[in-house]
Each structure stands twice: as structure tokens, then as C-alpha cells.
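The chain contents come next:
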Amino acid sequence: MKKLNRKKILLSKIQRCETIIGIIGLGYVGLPLALAYAEKSLKVIGFDIDSKKIKTLERGECYISHIDAARVKQAVKSKKLSATSDFSRLNEPDAIIICVPTPLTPQRDPDMSYIIKTTEQIKKCLRAGQLIVLESTTYPGTTEELVKDMLEETGMVCGRDFYLAFSPEREDPGNANYSTTTIPKVVGGVDQASGDLAQAMYEKVIQKTVRVKNARTAEAVKLTENIFRAINIAMVNELKVIYERMGIDIWDVLDAASTKPFGFMRFNPGPGWGGHCIPLDPFYLSWKARECGMETKFIELAGEVNRRMPEYMVNRLQQALNERGKSVKRSKLMIIGIAYKKDINDDRESPAYKIITSIIAMGANISYHDPFVPTVKRTRQWPDAPALKSQPLTSRTIAAQDAILIITDHTSVDYKLIAKHAKLIVDSRGVYRKPLPNVVKA
Ligand SMILES: NC(=O)c1ccc[n+]([C@@H]2O[C@H](COP(=O)([O-])OP(=O)(O)OC[C@H]3O[C@@H](n4cnc5c(N)ncnc54)[C@H](O)[C@@H]3O)[C@@H](O)[C@H]2O)c1
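Residues numbered from 1 in each chain as written. Predicted model: local features only at pLDDT ≥ 70, side-chain atom pairs only at ≥ 80, totals over all residues. Heavy atoms only, no water.

### Examining the nonpolar core
Moving on, step 1. If you look at the biggest cluster of nonpolar residues, it comprises 46 residues, and the most contacted ones within it are Ile24, Leu90, Ile122 and Ile132.
Moving on, step 2. Among the elements that make up this core, the one with the highest residue count is helix 8 (residues 215–245) (seven residues).
Moving on, step 3. Excluding anything up to four places from it in sequence, Leu90 contacts Ile24, Phe47, Ile96, Gln121, Ile122, Cys125 and Gln130. (Core = buried A, V, L, I, M, F, W, Y, C linked by side-chain atoms within 4.5 Å. Buried < 20%, exposed > 50% of the residue type's maximum accessible area, 1.4 Å probe, protein only. Helix = DSSP H or I, 4+ residues; strand = E, 2+ residues; numbered from the N terminus. Contact = heavy atoms within 4.5 Å.)

### Focus on the site of the ligand
Moving on, step 1. The environment of the ligand is formed by 26 residues, the closest being Val29, Asp48, Lys53, Thr102 and Thr137.
Moving on, step 2. Side-chain polar atom of Asp48 to an oxygen atom of the ligand: 2.6 Å apart, as the coordinates give it.
Moving on, step 3. Here an oxygen atom of the ligand and a side-chain polar atom of Arg348 are 3.0 Å apart.
Moving on, step 4. Here the ligand loses 94% of its free accessible area of 830 Å² to cover by the protein chains. (Near = heavy atom within 4 Å. Polar contact = N/O pair within 3.5 Å; in protein donor to acceptor, adjacent residues only side chain to side chain. Areas by Shrake-Rupley, 256 points an atom, 1.4 Å probe, with all protein chains shown as cover.)

### Details of the pairing of strand 9 (residues 332–336)
Moving on, step 1. Burial analysis of strand 9 places four of its five residues in the buried class, which makes it a mostly covered element.
Moving on, step 2. As paired strands, strand 9 and strand 10 (residues 365–369) are joined by five bridges and run parallel to one another. Bridge assignment links Lys332 to a residue of strand 10, and that residue is Asn365.
Moving on, step 3. Since strand 9 and strand 10 lie parallel, the crossover through helix 12 (residues 351–361) that links them has a hand, and here it is right-handed. (Pairing = 2+ DSSP bridges. Right-handed = clockwise from strand over helix to strand, strands pointing away.)

### Description of the packing of helix 8 against helix 11 (residues 297–323)
Moving on, step 1. For the pair helix 8 and helix 11, interaxial distance at closest approach is 8 Å and the crossing angle is 45 degrees. Here helix 8 is positioned oblique relative to helix 11, judged by the angle of their axes. The two elements helix 8 and helix 11 cross, and the hand of that crossing is left-handed. Contact residues: helix 8 offers Ile227, Ala230, Ile231, Ile233, Ala234, Asn237, Glu238, Lys240, Val241 and Glu244, while helix 11 offers Phe298, Ile299, Ala302, Val305, Asn306, Met309, Tyr312 and Arg316. (Axes fitted to C-alpha atoms, helices over the stretch in contact; angles between N-to-C directions. Parallel < 35°, antiparallel > 145°, perpendicular 65-115°, else oblique. Left-handed = near helix turned anticlockwise from the far one by under 90°.)

### Thoughts on the sheet that holds strand 11 (residues 403–406)
Moving on, step 1. Spatially, 10-9-11-12-13 is the arrangement adopted by the five strands of the open sheet, whose pairing is parallel. Of all strands in the sheet, those bounded by a partner on one side alone are strand 10 and strand 13 (439–441). Within this sheet the neighbouring strands show an average axis-to-axis angle of 20 degrees, counted without direction.
Moving on, step 2. In the sheet, strand 11 pairs with strand 12 (residues 425–427) via three bridges, with the strands oriented parallel. Looking across to strand 12, one finds that Leu405 is bridged to Val426.
Moving on, step 3. Against the sheet, helix 11 makes contact with strand 9, strand 11, strand 12 and strand 13, and its axis sits at roughly 160 degrees relative to strand 11, the strand it touches most.

### Description of the packing of helix 10 (residues 282–291) against helix 11
Moving on, step 1. One way to put it is that helix 10 packs onto helix 11 with a least axis distance of 10 Å and a crossing angle of 140 degrees. By the angle between their directions, the pair helix 10 and helix 11 is classed as oblique. Taken as a pair, helix 10 and helix 11 cross one another with a handedness that is left-handed. Along the contact surface, helix 10 presents Pro282, Phe283, Leu285 and Ser286, while helix 11 presents Ile299, Glu300, Gly303 and Arg307.
Moving on, step 2. Taken together, the residues of the contact of helix 10 with helix 11 break down into four nonpolar, two polar and two charged. (Nonpolar A, V, L, I, M, F, W, Y, C, P; charged D, E, K, R; others polar.)

### Regarding helix 8
Moving on, step 1. Taking 1.5 Å per residue, 31 residues should reach 45 Å; helix 8 reaches 46 Å between its end C-alpha atoms and fits that length.
Moving on, step 2. Note on helix 8: the residue one or two positions beyond its end, Gly247, has a positive phi of about 75 degrees. (Expected span 1.5 Å × (residues − 1).)

### Here's the deal with the packing of aromatic side chains
Moving on, step 1. In the structure shown here, the tally under the stated rule is five aromatic pairs.
Moving on, step 2. Judged by centre distance (6.3 Å) and plane angle (85 degrees), the ring pair of Trp273 and Phe283 falls under edge-to-face. Pair noted here: Trp273 is in the loop between helix 9 (250–257) and helix 10 and Phe283 is in helix 10, with a separation of 10 residues, a long-range link. Pair check on accessibility: Trp273 and Phe283 agree, each one buried.
Moving on, step 3. One residue, Arg108, lies across the ring of Phe283, its end atom 4.6 Å from the ring centre. (Phe/Tyr/Trp six-rings, centres within 6.5 Å; stacked < 30°, edge-to-face > 60°. Lys NZ or Arg CZ within 6 Å of the ring centre and 35° of its normal.)

### Some details on the pattern of salt bridges
Moving on, step 1. Applying the stated criterion across every chain, the model contains 28 salt bridges.
Moving on, step 2. Between Asp161 and Arg6 there is a salt bridge whose closest N-O contact spans 2.9 Å. Linking Asp161 in the loop between helix 6 (142–152) and strand 6 (163–166) with Arg6 in helix 1 (residues 2–15), this pair joins segments that are 155 residues apart in sequence.
Moving on, step 3. For the salt bridge of Arg59 with Glu61, the shortest nitrogen-to-oxygen distance reads 3.2 Å. (Salt bridge = Lys/Arg side-chain N within 4 Å of Asp/Glu carboxyl O.)

### Describing the sheet that holds strand 5 (residues 131–134)
Hydrogen bonding along the main chain pairs the strands of a sheet, whether they run parallel or antiparallel.
Moving on, step 1. The eight strands lie next to each other as 3-2-1-4-5-6-7-8, forming an open sheet whose pairing is mixed. With partners counted over all chains shown, the strands left at the sheet margins are strand 3 (81–84) and strand 8 (209–211), one partner each. Strand-to-strand twist of the sheet, defined as the mean angle between neighbouring strand axes without regard to direction, takes the value 25 degrees.
Moving on, step 2. Of the strands in this sheet, strand 1 (20–24), strand 2 (43–47), strand 3 and strand 4 (95–98) are in contact with helix 2 (residues 30–39), which crosses strand 1 at around 170 degrees.

See below:
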């Protein structure tokens, strides 16, 4: 009886758009979601441990380059969106969505510390009738085995006193064709009532929801999507290296293969994999599979191939300089693009760092140009990063370099200017399709 009432009460609140939404983790995933709810006139409280982000939001400003700052300003001004680091307020929202990071440990195992810490915080304030949804990418079973068990330590029971679901994020930062509200959203509840409530909550802002059997299936959906990308990127990277030896241009092959109207999906080669998802998420499954006594051979192989790509680019640079009677040592090299993909400011796991580290170790003098990354920060991959600032791209700076390395092909970069003035260009993104004497593909 109780179960039915709590579910009914929350469902009717959701339907009347009277739910208060709490979002934990206001990053690339959490902030757009918070805006989507605020723009539907729901009250949103964002929670983050990063006080700088909270202060920026309180001023009505935005810290993510591809999000329209006017949206943040309006959401804050209308008092629909507020942000706080006070986690004791977690009892205020009716629904709490968890969007915290899920990185890997240095041993490439899942780092569950963010999810655990967040669940601890929710546990302290959990009140009957709340819905909790995990969005952070993770191994199948996390919601049911880890989050549910921790929350039930309060004595409350999932599906009766509180509700719990998993719904993966499919954000594609910088993609102008899809946004948070237009990308179909997969939802799986730990139980029927939790799934029903989570689906109803997302239907308030997302055009299409896709209900799956349970939270575990939803967790597997997300990993499957990212593993699919990781493996296909690796395959096309491997083909690039093979075809290059055969004198075939991978970009010509892909352009032609893409004309097949069925059975082929295009993936582009590049300098390696990057971002917070593709290089990391597949290994969440590998870890869980090992626990079940299984191996994930495709994932391991994709990792091996993709991780070799920065080295391949450096080898191509070395060869090209060598042919011009030069070495990497003491050469002046300029990197174009530090972000892991075009037109965004996200440099997490960017292959640029591996390449830069490697060429600096060889004695090169480097500079870079990236309109989205004004300065280079120290990261886990690059703890000894020298202080570098994005340099303006002029005919003089280009001509002064021994080589230009195109790592990320931001749209606003003047590639014609580069082609006109550069002595050598090492292009890992297929910017220059027609053969040019100063361009080497990598
Ligand atoms: N970025 C993407 O495109 C994308 C796409 C799909 C899924 N995901 C997944 O979504 C999750 C979040 O990714 P993201 O890219 O938004 O990460 P992010 O680093 O941009 O944002 C995470 C935010 O969580 C905050 N945070 C960390 N610990 C916290 C805690 N204990 N309490 C409150 N806030 C905390 C951080 O300060 C940060 O603002 C990850 O699991 C990721 O794999 C990301």
C-alpha cells in the first residue's frame, strides 16, 4: 500500500512539473541536463564539489565553451537553476541525478570513488519518496549492487521507500545536430516502480525515452555503444597504417566506402583516442568480465592499437623531417589542436599530450595553437607540462616552424594559410585531401 502511494505521489508531482531536480556533478553531462530541466520551468539545484564552478554559475556565467552562456544566464536569472556545494541540501530534491566522473585508476581498473562518495552524501540525507538516477558510465551491476546496497543501509528499501534507476548519458559535445533533449534516452529501473518514475521524469525534457528491462541492461547499453566506437576507431587506425605502406590513402578509401548505402558505417582515423569516454569506459566492462572469469579481447586489442597512434604520428614526423635533412631534436614544431576533438575545449585524455611529451623528450621546441584551449594545464598524463599558451596563427609564425602537426582539426583554423606558409605539415585528420608537396599524412 505504502509503495503504491509513494510512487503515485511522486508520479503526479512529475506530471504536474512540480518536482525539484537535484543534479550532482555539473560538468559536461550535468550542466546541459540541469539547463534542460530549468528551461522546462522545473526548479533545479545543482551540486558540485568544485566551488569555482558554483561561483561561476551563481554569477550566471558558463564554464563550458560549447554551451550558450545566455542559457545559463537566463536559467539563473529566472531562479530556476541554483548551484551549491552544501550537500546537506540533498534532501530538498524529489529526484537526484548523479553525473560525477568515472575515471580509471593507474592500473586501468574502475575508479568508483566518485560514485561511492556521492552515494554516501545522498545516504546521509535520503528521505522517503526520493528518486535517484545514476548517469555516470559504469560497469553493469553498479546501480543494483553498489548504489542500492549502500542506500539500503539506511533501513529504507528500494522500490518501496525510495526509487533507483540507471540512465546513460549520450552527450556528444559540439554536435550541432543533437542536444540533450533530442537524443533518445535509455532508462532502466532497479525495479518496475523505479523505472516507471525515472522514465516519467526524463519524458518531461527528453523527446524520446527507451525503456529497457532493468538498470543492468541500461548500464550495458552505454558500454556497448562506447566499445563499438573504440573498436571501430582502432580498426580504421590499423587500416590507415597498412594502407599507407601500400601507397593507398585511407581518406580516399573511406570517402568511397561511405557511398555504400547499407552495411558500412564510417569512422575516421586520427592521432589516437581521447576524451573522458572512449579510452576509459570499455575497460569498465573488461574489469567486470574478469570478475566473471571472462576476457574482453576486442577491447584489449582496440586499446593496444589506439594507444599506438600517437607514436605512429611521431614516427611519421621523424621520417618526414629526416627526408628534409632534419631531426626532431632542436626543430621548431607547432601543434594545431590540443582538445581531443574539434570545436570543443575538452582536452581530457587528448592524444596531443602524448605526442607533445614524446617530441619534447626528443629535444624539440614546441608551441601550439588551439582557439578553444588558451593555456595548457598539468594533467595526470602530463604532470610536468611546461607552461604553454596558445599562439596566434600568422604567416610568420607558420613559416618559422620546421613542421606543423595537425592533431585536432578545429573548424576556425585557417588551413589554407598553413598550407601556403608551412615547410612541412603532418596531418592526422585528413584536412588536406589532395596531395601537396609539404603535407605528410599520419
Ligand atoms: N562528457 C561526455 O561527453 C560524456 C558522455 C557520456 C557519458 N559521460 C559520463 O558522465 C559522467 C560525467 O562526465 P562529465 O564529462 O560530465 O565529467 P566532468 O568532469 O565534466 O563533470 C563531473 C563534475 O562532477 C564534479 N564532482 C566530482 N566529484 C563530485 C562529488 N563527489 N560530488 C559532486 N560533484 C562532484 C566535478 O567537479 C565536475 O564538475 C562520467 O561517468 C562520464 O563517463 C560523459
